Amino acid sequence: MKKRSLILQLFIILFIILQCLIIFLGFSTYKYAETVIQKEVIQLNSNMLQQVAIRIDQELKDVEVLASRIAYDTSILEALQKSADGESVSKEQVQKIEGIMAGYIWSYRSTAMLIDAHLIDSRGNTYSTSYSMSSNQEADLAIYSKVLENRTDSVIFPVKSSKHASGGTNYFFQVVRNVKAYISKQNYGLLLLNVNEKLLCDNYIRLTNEEKDFYIVDKNGVIISHKDKDQINKTLDSFIEANGKNKMNNHYLKGGKLYIFHQINGYGWYIVESISLQSAMLPLQKIELFLIAFGLLCILLTGLALGVAAKKIAEPLALLTDKMTEFNNGDLSIQIPDSDYREFSEISISFNELIQRVNYLLEENINNERQKRLLELDFLQAQINPHFIYNTLSSIRFYVEMGKNKEAEEMLYHFSKLLRRVLSRADEFVPLREEIKHLEDYIALQKMRYTGAFTVEFLLDENTLNAQIPSFILQPIIENAIFHGLQANRLIVIKVEAELADNDLYITISDNGIGISREKIAEIFNKEVQMNKVGILNVHERIRILCGSSYGLTIKRNEPQGSKIILKLRYYA
């Protein structure tokens, strides 16, 4: 039977995926370009604002230097000292001081006409280079004196306004400082420099156009300088909101405009630039048109290329997915029915063969694991080795020859019980109480061979006696404690303890014998070193096979003397 091609039907879904991919890539490219352009606009204008801020900062510093030069002029200080000493101030002295101040101002570059100075001495005499004093001089002086109380440098106060003769308004800010003797620090008066706001405006006015606007604001958003003088002393609300919410960025968007700001160092002022977002993003419109044209072309080409795609693919793929899910959930009896589609038929045949192969390998692995455990059990049962049998039978014979039939009978009794358990091929797991019985027969035989050499104490919690443990795992540990702990003329005490903790069974076998060195402990776990026929490492590995990799035994030194072996086993009730 001719099978239909599944690949043909795949192209319908592929066409949809490609269109989604084209749209996603176009949208991602657009957003990326928008981000890049915005970052470039911000970066370029931030650099420009930084330069403007540096120029304004230098202008303000120059004004402060001018104030310092006037305040430290020796001629002015001598005249003010005489006034402070009570001498009356003559008209000539006033003219002299005003002339000195005017000279300093007119030596201050080409913007000298934007600055006038006012000096008020300690007796209230005023020396001015013009008449643009503040409207409430006494209140201003009180504020200035309070601010300058503990200051040696100058302070800049907010923008003020004054009416000039033509009826217009002048806006100026004030640089104020105390006039003090340099050495004695005696205060002779107060110096005010009224600086026209145009000094600030000249630094950015050439950059202003229809798309760009500039403000100088203080930290509270109050406008200090702007080309539209009616805006001065108003609040730029968007700056306050943005600066309060995001301290990390120097820009924000508001009302279709991009605002960028930069701090004027040392004065708490900011130069703010507003840019029309539409003009800033003008290059993005060309990218947008290109992406639309490119997207339409891609859709047309992929539509033509996939026009002959088949219609049905969801059902066989869903079936394959369901079967794989059942397989992942552990159902190994599943089979995928044959399909009319050639490609899917090949997949179903391969998948069914895979399931059969997995079942075969699992069954083989289970058999191998069972055989491995039986071999390990046989190996443990081999602990009753010929040498042990020979020694035991020799001891029985000596008792008989010496006429100690009761001792020989007892020894033969324990030996026969021991052989019966080992040779009966017991289950892999036995209750702890049964393992203890086996251990008691072994200990009884060894005590009769090594009379008075050791003793064994059992300290077992009652709730541990029914716990299932791997059979024959305690005898090698006891045997190791006896043969490697014996000392001449000294009783060896061996303790066997069992307890439950955190749903695990812990069996501790400790002695006060010679002990095991750290080097020997490392050697036991790093090499297949056998302390007796079976070996501690073999017991450790058997526990890990039967209980899991987090279980096994740990060897420690028993303080103050001897060794301690702790067996951690999974608790089986």
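About the criteria used
All residue numbers here refer to positions counted from 1 along the written sequence of the relevant chain. The predicted origin of the model limits local features to residues at a pLDDT of at least 70 and limits the giving and counting of side-chain atom pairs to 80 or more, whereas totals for whole chains, interfaces and linings rest on all residues. To obtain the side-chain values, all non-hydrogen atoms of the structure were used and water was disregarded. Here, any two strands with at least 2 DSSP bridges between them count as paired. A run of H or I in DSSP counts as a helix once it spans at least four residues, and a run of E counts as a strand once it spans at least two, with each numbered from the N terminus. A fitted line through C-alpha atoms serves as each axis, taken over the contacting stretch for helices, and the angle formed by two N-to-C directions is quoted from 0 to 180°. Grouping buried Ala, Val, Leu, Ile, Met, Phe, Trp, Tyr and Cys residues that are joined through side-chain atoms within 4.5 Å yields what is termed a nonpolar core. For the exposure calls, accessible area comes from a 1.4 Å probe over protein chains only, and a residue counts as buried if that area is under 20% of its type's maximum, exposed if over 50%, partly exposed in between. Whether two residues touch is decided by their heavy atoms; if any such pair falls within 4.5 Å, the residues are in contact. The crossing is said to be left-handed when, going from far helix to near helix, the turn is anticlockwise and less than a right angle, and right-handed when the turn is clockwise. In this classification, Asp, Glu, Lys and Arg are treated as charged, Ala, Val, Leu, Ile, Met, Phe, Trp, Tyr, Cys and Pro as nonpolar, and every other residue, Gly included, as polar. On a scale of 0 to 100, pLDDT captures the predictor's confidence in every residue. Under the pairing criterion, centres of Phe, Tyr and Trp rings, with the six-membered ring standing for Trp, must be within 6.5 Å; the plane angle then separates stacked pairs below 30 degrees from edge-to-face pairs above 60, leaving the rest tilted. Definition used: whenever NZ (Lys) or CZ (Arg) falls within 6 Å of the ring centre and also within 35 degrees of the ring normal, the charge is taken to sit over that ring.

Draft legend 1. Local environment of the sheet that holds strand E14 (residues 492-501). The sheet built from five strands is open, its strands ordered E12-E14-E15-E17-E16 with mixed pairing. Only two strands of the sheet have a single neighbouring strand rather than two, namely strand E12 (454-460) and strand E16 (552-557). Going across the sheet, the axis of each strand differs from the next one's by a mean of 15 degrees, ignoring polarity. Where E16 lies against strand E17 (residues 563-570), six bridges are found, and the strand directions are antiparallel.

Draft legend 2. Spatial organisation of the nonpolar core. Ranked by size, the top nonpolar core spans 60 residues in total, and within it Leu-193 and Trp-269 carry the most contacts. Here this core gets 15 residues from one element, more than from any other, and that element is helix H1 (residues 6-71). In this structure, Trp-269 is in contact with Leu-60, Ile-156, Phe-173, Leu-200, Ile-216, Val-217, Asp-218, Ile-224, His-262, Gln-263 and Ile-264, ignoring residues within four places of it in sequence. Listed in part, the 44 residues of the second largest apolar core include Ala-453, Val-496, Ile-543 and Leu-569.

Draft legend 3. Looking closely at unusual backbone geometry. For the peptide bond that leads from Glu-559 to Pro-560, omega is 5 degrees, which places it in the cis range. As for its placement among the helices and strands, Pro-560 is situated in the loop between E16 and E17. In this structure, Asn-233 is a non-glycine residue whose phi angle is positive, near 75 degrees. Positionally, Asn-233 belongs in the loop between strand E7 (223-226) and helix H6 (237-245). The residue Asp-502 is not glycine, and still its phi comes out positive at about 55 degrees. Structurally, Asp-502 can be placed in the loop between E14 and strand E15 (504-511). On the accessibility criterion, Asp-502 (72% relative accessible area) is exposed.

Draft legend 4. Structural context of the packing of helix H12 (residues 405-423) against helix H13 (residues 432-449). Running from N to C, H12 and H13 cross one another at 145 degrees; their axes reach a closest spacing of 9 Å. The handedness of the crossing between H12 and H13 is left-handed. On the side of H12, the interface is formed by Glu-407, Glu-410, Met-411, His-414, Phe-415, Lys-417, Leu-418, Arg-421 and Val-422, while H13 contributes Lys-437, His-438, Asp-441, Tyr-442, Ala-444, Leu-445, Met-448 and Arg-449. The residue makeup of the contact of H12 with H13, split by class, is eight nonpolar, two polar and seven charged.

Draft legend 5. Representation of the environment of Ile-56 in the model. Along the chain, Ile-56 turns up in helix H1. Every residue in contact with Ile-56, bar those within four places of it in the chain, is listed here: Leu-200, Asn-203, Ile-216, Ile-264 and Ile-271.

Draft legend 6. Representation of the sheet that holds strand E9 (residues 257-264) within the structure. Strands sit in the order E7-E6-E10-E9-E8 across an open sheet of five strands; the sheet is antiparallel. A single partner strand is all that each edge strand has here, and the edge strands are E7 and strand E8 (251-254). Within this sheet the neighbouring strands show an average axis-to-axis angle of 25 degrees, counted without direction. In this sheet, E9 lies alongside E8 in antiparallel orientation, the contact comprising four bridges. Each residue of the ladder has a partner; that of Tyr-252, found in E9, is Tyr-259.

Draft legend 7. View of the confidence of the model for the protein chain. Model confidence for the protein chain is summarised by a mean pLDDT of 79, while 84% of its residues fall at 70 or above. Of all secondary-structure elements in the protein chain, the lowest mean pLDDT belongs to helix H4 (residues 137-147), at 65, while E15 reaches the highest, 94. Here residues 529-534 is a poorly scored stretch, pLDDT under 50, and it has 18 contacts once near neighbours within four places are set aside; other chains count.

Draft legend 8. Up close: the packing of aromatic side chains. In this structure the tally under the stated criterion is eight aromatic pairs. Relative to Tyr-259, the ring of Tyr-252 has its centre 4.9 Å away and its plane inclined at 5 degrees; by these criteria the two rings are stacked. Grouping residues by exposure puts Tyr-252 and Tyr-259 together as buried. Taken together, a centroid distance of 6.0 Å and an interplanar angle of 80 degrees make the contact between Phe-261 and Tyr-270 edge-to-face. What makes Phe-261 buried here is its relative accessible area of 7%. By relative accessible area, Tyr-270 is classed as buried at 13%. An aromatic cluster of three or more residues is present, and its members are Phe-239, Tyr-252, Tyr-259, Phe-261 and Tyr-270. A cation over an aromatic ring shows up here: Lys-568 above the ring of Tyr-551, its NZ or CZ 5.3 Å from the ring centre.

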